[in-house]
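# Descriptive analysis of the structure
Next come the chains, spelled out residue by residue.
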Amino acid sequence: MNFLPPARNSRWFAWYPGYALIVWLLLVLHRFVLLGSPFSLTLLVRWAVLALVFSGIISCFGWLGARLVWMFSTAGLVLGIILMYIYTYRDMSGWEDLAGFLTFALFTAGGFVLGLIVEAVLRLVRYLRKHRV
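Notes on the structure in this doc start here. (Residues numbered from 1 in each chain as written. Predicted model: local features only at pLDDT ≥ 70, side-chain atom pairs only at ≥ 80, totals over all residues. Heavy atoms only, no water.)

### Things to note about the packing of helix H1 (residues 12–34) against helix H2 (residues 41–63)
Across the interface, H1 lies against H2 with an axial gap of 8 Å and an inter-helix angle of 145 degrees. Considering only the axes of H1 and H2, their crossing is right-handed. Tallied by class, residues from the contact of H1 with H2 come to 20 nonpolar, four polar and one charged. (Axes fitted to C-alpha atoms, helices over the stretch in contact; angles between N-to-C directions. Helix = DSSP H or I, 4+ residues; strand = E, 2+ residues; numbered from the N terminus. Left-handed = near helix turned anticlockwise from the far one by under 90°. Nonpolar A, V, L, I, M, F, W, Y, C, P; charged D, E, K, R; others polar.)

Here you go:
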């Protein structure tokens, strides 16, 4: 994880919009290109807000020093996007867009929760080793 900035470094504020832009582009690609939905400015803005929220939460934890939360959240988000893209090509009688998005949301949230658990366990182990009686 040497590529990640250290805790409380100002580079996290540069990672935030970059991460949001990548997530936003992947969501837009799925909706308007792969699914072939008609262009909607409202939906475009909603995807941007969703990407900014995801990126903001994940980058905030990275800035605070919870790098494992960032890693697991990113892994969950990437896996969720991949599965959302895969569901696009399944014949689900018109439900592929909803199933794909719910899968994306589930894996993103799951990666975040798993990252929180792993980070908490790691910090607890470090604390107990430091304050051993």
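There is more to say after this.
### Some words on the nonpolar core
Judged by nonpolar contacts, the single largest core of 19 residues is most densely connected at Tyr19, Val23, Leu27, Trp70, Leu77 and Phe104. Counting residues per element, the ones that place at least two in this core are H1, H2 and helix H3 (67–88). Apart from the residues within four sequence positions on either side, Val23 is in contact with Ala51 and Leu77. (Core = buried A, V, L, I, M, F, W, Y, C linked by side-chain atoms within 4.5 Å. Buried < 20%, exposed > 50% of the residue type's maximum accessible area, 1.4 Å probe, protein only. Contact = heavy atoms within 4.5 Å.)

### What to know about the pattern of salt bridges
Taken as a whole, this structure holds two salt bridges when the rule is applied. Between Arg31 and Asp97 there is a salt bridge, and its shortest N-O distance comes to 3.8 Å. Of this pair, Arg31 sits in helix H1 while Asp97 sits in helix H4 (residues 96–130), placing them 66 residues apart in sequence. Taking relative accessible area as the criterion, Arg31 reaches 23% and is therefore assigned partly exposed. In this structure, Glu119 engages Arg123 in a salt bridge whose closest nitrogen and oxygen atoms are separated by 3.0 Å. Here Glu119 pairs with Arg123, and both are found in helix H4, just four residues apart, close to one helical turn. (Salt bridge = Lys/Arg side-chain N within 4 Å of Asp/Glu carboxyl O.)

### Observations concerning a nonpolar patch on the surface
On the surface, Phe39, Leu41, Val45, Val49, Val53 and Ile57 cluster together into a nonpolar patch covering about 560 Å² of accessible area. Structurally, Val49 is set in helix H2. For Val49, a relative accessible area of 46% puts it in the partly exposed group. (Patch = residues over 30% accessible without salt bridge, like charges linked within 9 Å, V, L, I, M, F, W, Y side chains within 5 Å. Areas by Shrake-Rupley, 256 points an atom, 1.4 Å probe, with all protein chains shown as cover.)

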